[in-house]
Amino acid sequence: MDTLKARLSYDFLRKNGLALLEEGKDFIKLAATQRDPYLEDLIYQITGKRVILEEVSRERLDSLLKESIPTFDIELDEEGIDEKELENIASEAPVVKFVNDIINDAILKGATDIHIEQFEEDVEIRYRIDGVLHTLRKLPKYVAPPVVSRIKILAKLNIAEKRLPQDGKFSHRLNSQEFDIRVSTLPSIHGESVVMRLLKKGELNLSLNTLGFSQEDLGKIREFIKKPYGMLLVTGPTGSGKTTTLYSAIKEINLGDRKIITVEDPVEYTLKGLVQVQVNPKIGLTFASALRTILRQDPDVIMVGEIRDPETAQIAVQASLTGHLVLATLHTNDAPSAFTRLIDMGVEEFLIASAVVGVMSQRLVRKICEECKEAYEPSREEADTFRAQGLEVPGRLFRGKGCGACEHTGYRGRTVIAEVLKVNDEIRSLIIGKADASVIREKAIRGGMTPLLKDGLEKAARGITTLEEVLRVSKE
């Protein structure tokens with residue numbers, strides 16, 4: 001059985017839509033959704049055993065694949081084991097293979113994060129796919145100590161330290177792709193929780209055209225980033241794609257005629273032709289201190305990964321007023337709230353009004369899987385949602401039934417919904433007058449801003465996403 005598993009790895013089975021059911025001395029029994037004589041012959045050539053194929057539903061195959069992710073049979077009493085012995089166990093082949101299989105499976109499923117969470121009775125492994133967490137497996141408690149230790153070893157963390165959070169990273173290769181794995185550990189009452197973020201190495205292969213912005217909003221964004229100076233703010237919660245939007249904008253204006261410097265935490269992707277700085281608060285390299293030095297480096301464009309504190313806000317605004325184009329992210333729920341957020345950070349109203357040229361707020365919504373997309377007639381409540389935004393009720397909406405291509409979620413991939421606010425003289429007057437964000441919102445909408453919810457509804461009407469998904473991410 002071990003030889004067979006080595007030859008027919010979990011990745012091989014999953015890629016070919018197979019699950020191992022049973023192995024005898026001269027036969028191998030596999031589950032699949034349909035017969036494939038070529039594949040059966042290939043497996044016979046690999047194993048030298050007669051192939052028995054059992055046809056099952058896609059749901060049953062997925063269940064079998066989840067159950068077949070390899071684990072290991074190492075039991076230990078964590079209280080009575082020294083760190084050297086735990087390190088040795090974590091370096092043994094079964095544990096090494098288990099961790100590799102989990103990472104490889106997450107990459108193949110298109111996950112952005114892997115969560116390993118310890119609870120009183122078991123350990124859960126979950127993947128974040130298209131922004132939503134999915135439980136992969138629940139495993140016995142004995143799995144956690146060697147697995148967590150293995151990940152710590154890879155990330156060059158202290159395996160003996162279980163009381164304090166730790167951060168690290170390591171590289172991983174799957175086929176020809178290289179990934180940066182960012183690791184965060186957090187002590188909990190039942191043991192350490194581990195989150196691994198998967199970042200594909202290499203040049204960012206995105207442009208503003210592919211993110212999902214409407215043509216009208218794209219025109220505004222391009223107008224902002226072609227200005228010689230001023231500030232463009234991108235707002236939204238964590239995980240809303242703000243950094244990807246900024247990278248894509250910078251990539252578009254990175255033509256070699258302007259010096260572009262970024263300050264980030266962390267640097268998620270490397271772009272050619274840019275000077276990229278990663279903050280390190282442990283040694284005093286904060287956003288604010290980095291920005292002060294960057295201004296002495298003769299930049300034309302500055303990207304600030306996040307405006308978190310008053311000092312960074314003040315320096316960034318001053319930079320945009322002294323001949324620099326500043327692109328930055330800010331945590332607010334909508335575009336108009338960005339102004340009150342900067343005021344709360346102590347920036348003078350007249351400086352904000354003079355510096356900020358545009359604000360965009362965005363969210364990421366899951367796209368309907370094209371393989372299982374189906375149309376349906378909107379309900380009365382759904383129709384009312386469209387009418388409330390001044391939109392014509394579509395004759396039909398769309399949803400995904402769920403299939404193997406989308407892991408039976410009905411969704412595959414994500415796109416952006418956004419509101420883009422252009423700062424004009426009327427908006428400037430409201431900022432200087434300390435107008436409430438709701439007043440600024442009303443004026444911006446009358447001036448042509450499409451609200452985030454309305455942008456999402458238009459995408460739902462076009463069959464890009466579902467109404468349910470739009471409402472999920474656009475809640476106040």
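Position numbers for residues count from 1 along each chain, tracking the sequence in the order it is written. With the structure being a predicted model, the display of local features is reserved for residues of pLDDT at least 70 and the display and counting of side-chain atom pairs for 80 or more, all residues being used for whole-chain, interface and lining totals. Working from all heavy atoms in the structure, the side-chain values ignore hydrogens and water.

1. With respect to unusual backbone geometry
Moving on, step 1. Looking along the chain, the bond that leaves Asp265 and enters Pro266 is cis, with omega of -5°.
Moving on, step 2. Secondary structure elements are taken from DSSP: a helix is a run of H or I of four residues or more, a strand is a run of E of two residues or more, and numbering for both begins at the N terminus. Its location among the elements puts Pro266 in the loop between β11 (260-264) and β12 (275-278).
Moving on, step 3. Residues other than glycine seldom take positive phi values, yet Lys156 does so here, at roughly 55°.
Moving on, step 4. Relative to the helices and strands, Lys156 resides in the loop between α7 (144-154) and β7 (166-174).

2. Some words on the sheet that holds strand β9 (residues 193-200)
Moving on, step 1. Only strands that DSSP links by at least two bridges are regarded as paired with each other. Taking strand neighbours across the sheet as the criterion, the six strands line up as β6-β5-β4-β9-β8-β7 in an open arrangement whose pairing is antiparallel. Both edges of this open sheet fall to β6 (132-140) and β7, since each of them pairs with a single strand only. Strand after strand, the sheet turns through a mean of 20° between neighbouring axes, direction not considered.
Moving on, step 2. Sitting on the sheet, α7 is in contact with β4 (111-118), β5 (122-129), β6, β7, β8 (177-186) and β9, with an inclination near 135° to β4. Axes here mean lines fitted to C-alpha atoms, for a helix over just the part in contact, with angles spanning 0 to 180 degrees between N-to-C directions. Residues count as neighbours in contact if any of their non-hydrogen atoms are within 4.5 Å of one another.

3. Re empty space enclosed by the protein
Moving on, step 1. Think of a 1 Å grid over just the protein atoms. A cavity is a set of points where a 1.4 Å probe fits yet cannot get out, a pocket is an open set with protein on both sides within 12 Å along at least five of seven lines, and lining residues have an atom within 4 Å of a point. Grid points are joined across faces, edges and corners, and a volume is the space filled by probe spheres set on the points. For the coordinates displayed, the defined rule picks out one cavity of 30 Å³ or more.
Moving on, step 2. One number sums up the size of the largest cavity: a volume of about 40 Å³.
Moving on, step 3. Along its surface, the largest cavity is lined by Leu18, Leu30, Gln34, Asp36, Leu39, Glu40, Ile43, Val51 and Leu53.
Moving on, step 4. Taken together, the elements giving at least two residues each to the lining of the largest cavity come down to α3 (37-47) and β3 (50-55).
Moving on, step 5. Here the nonpolar group is Ala, Val, Leu, Ile, Met, Phe, Trp, Tyr, Cys and Pro; Asp, Glu, Lys and Arg are the charged ones; every other residue, Gly included, is treated as polar. Residues that form the lining of the largest cavity fall into these classes: six nonpolar, one polar and two charged.

4. Topic: the confidence of the model for the protein
Moving on, step 1. Considering every residue of the protein, the mean pLDDT works out to 90; 93% of them sit at 70 or more.
Moving on, step 2. Ranking the helices and strands of the protein by mean pLDDT puts strand β10 (residues 230-235) first, with 98, and helix α1 (residues 2-7) last, with 49. Per residue, pLDDT measures the predictor's confidence, with a range of 0 to 100.

5. Focus on the sheet that holds strand β15 (residues 356-368)
Each strand in a sheet pairs with another by means of backbone hydrogen bonds, the pair being arranged parallel or else antiparallel.
Moving on, step 1. Spatial ordering of the open sheet is given by β12-β11-β13-β14-β10-β15-β18, a layout of seven strands whose pairing is mixed. The sheet terminates laterally at β12 and β18 (411-422), the two strands that pair on one side only. Sheet twist, expressed as the average angle between the axes of neighbouring strands with direction ignored, equals 20°.
Moving on, step 2. As paired strands, β15 and β18 are joined by ten bridges and run antiparallel to one another.

6. Quick word on the pattern of salt bridges
Moving on, step 1. One speaks of a salt bridge when a side-chain nitrogen belonging to Lys or Arg is within 4 Å of a carboxyl oxygen belonging to Asp or Glu. Scanning the entire structure with this criterion turns up 29 salt bridges.
Moving on, step 2. The salt bridge partner of Glu117 is Arg126, with a shortest N-O separation of 3.0 Å.
Moving on, step 3. The partly exposed category is assigned to Arg126, whose relative accessible area is 21%.
Moving on, step 4. Here Arg387 ties to Asp384 by a salt bridge, and the two come within 2.9 Å at their closest N and O atoms. Of the two residues, Arg387 and Asp384 both sit in helix α14 (residues 380-388), three residues apart, roughly one turn of that helix.
Moving on, step 5. Linked by salt bridges that have partners in common, Asp265, Glu306 and Arg308 make up one network. Relative accessible area decides the class of each residue, using a 1.4 Å probe on protein chains only: under 20% of the type maximum gives buried, over 50% gives exposed, and in between gives partly exposed.

7. Observations regarding the packing of helix α6 (residues 93-108) against α7
Moving on, step 1. Where α6 meets α7, the closest approach of the two axes is 10 Å, and the angle between their N-to-C directions is 75°. As judged from the angle between their axes, α6 and α7 are roughly perpendicular. Counted together, Val95, Val96, Phe98 and Val99 of α6 and Pro146, Val147, Arg150, Ile151 and Leu154 of α7 form the full contact between these two elements.
Moving on, step 2. Of the residues contributing to the contact of α6 with α7, the split by class is eight nonpolar, no polar and one charged. Working rule for angles: under 35 degrees goes down as roughly parallel, over 145 as roughly antiparallel, 65 to 115 as roughly perpendicular, anything else as oblique.

8. Remarks on the nonpolar core
Moving on, step 1. Judged by nonpolar contacts, the single largest core of 42 residues is most densely connected at Leu233, Val304, Ile307, Phe339, Val356 and Leu421.
Moving on, step 2. Ignoring anything within four residues of it in the chain, the contact list for Val356 reads Met231, Leu233, Phe339, Leu342 and Val423.
Moving on, step 3. Grouped together as the second largest cluster of nonpolar side chains are 30 residues, Ile151, Leu157, Phe170 and Leu198 included. Throughout this description, the term nonpolar core refers to a set of buried Ala, Val, Leu, Ile, Met, Phe, Trp, Tyr and Cys residues connected via side-chain atoms within 4.5 Å.

9. A look at α14
Moving on, step 1. Of the positions making up α14, those classed as buried are Glu382, Ala383, Thr385 and Phe386. Seen along its axis, α14 keeps its buried residues to an arc of 150°; they face one direction. Of the residues in α14, the exposed ones pointing more than 90 degrees away from the buried face are Arg380, Glu381, Arg387 and Ala388.
Moving on, step 2. Looking at the buried side of α14, the elements it contacts are β16 (373-376), β17 (397-400), α17 (452-461) and α18 (467-473).
Moving on, step 3. Positive backbone phi, approximately 75°, marks Gly390, located one or two places after α14. The reported arc concerns the directions from the helix axis to the C-beta atoms and nothing else.

10. Considering the environment of Lys162
Moving on, step 1. Counting through the fold element by element, Lys162 comes out in the loop between α7 and β7.
Moving on, step 2. Any pair of N or O atoms that falls within 3.5 Å is considered a polar contact. Within protein, one atom must be able to donate a hydrogen and the other to accept it, and sequence-neighbouring residues count only if both atoms are side-chain atoms. Polar side-chain contacts of Lys162 include one of 3.4 Å to the backbone oxygen of Ile159.

11. Things to note about α3
Moving on, step 1. The complete set of buried residues in α3 reads Leu39, Glu40, Ile43 and Thr47. The arc enclosing the buried residues of α3, seen along the axis, measures out at 100°, which places them on a common side. Every exposed residue of α3 that faces more than 90 degrees away from the buried side is listed here: Pro37, Tyr38 and Gln45.
Moving on, step 2. Following α3 by one or two positions, Gly48 has its phi on the positive side, about 70°.

12. Comments concerning the packing of aromatic side chains
Moving on, step 1. Put simply, two rings from Phe, Tyr or Trp (the six-membered ring, in Trp's case) pair if the centres are within 6.5 Å, and we call them stacked under 30 degrees between planes, edge-to-face over 60, tilted for the rest. The tally for this structure, following the rule as stated, stands at one aromatic pair.
Moving on, step 2. Aromatic side chains Tyr247 and Tyr269 sit 6.0 Å apart centroid to centroid with 85° between the ring planes, which places their arrangement in the edge-to-face category. Note that Tyr247 is positioned in helix α9 (residues 242-253) and Tyr269 in the loop between β11 and β12, a separation of 22 residues in sequence. The burial state of Tyr247 is the same as that of Tyr269; both residues are buried.
Moving on, step 3. The ring of Tyr411 has Arg366 sitting right over it, with the charged end atom 4.0 Å from the ring centre.
Moving on, step 4. The ring centre of Phe398 lies 5.1 Å from the NZ or CZ of Lys373, which sits over that ring. Two limits define a charge over a ring: the Lys NZ or Arg CZ must be within 6 Å of the ring centre, and within 35 degrees of the ring normal.

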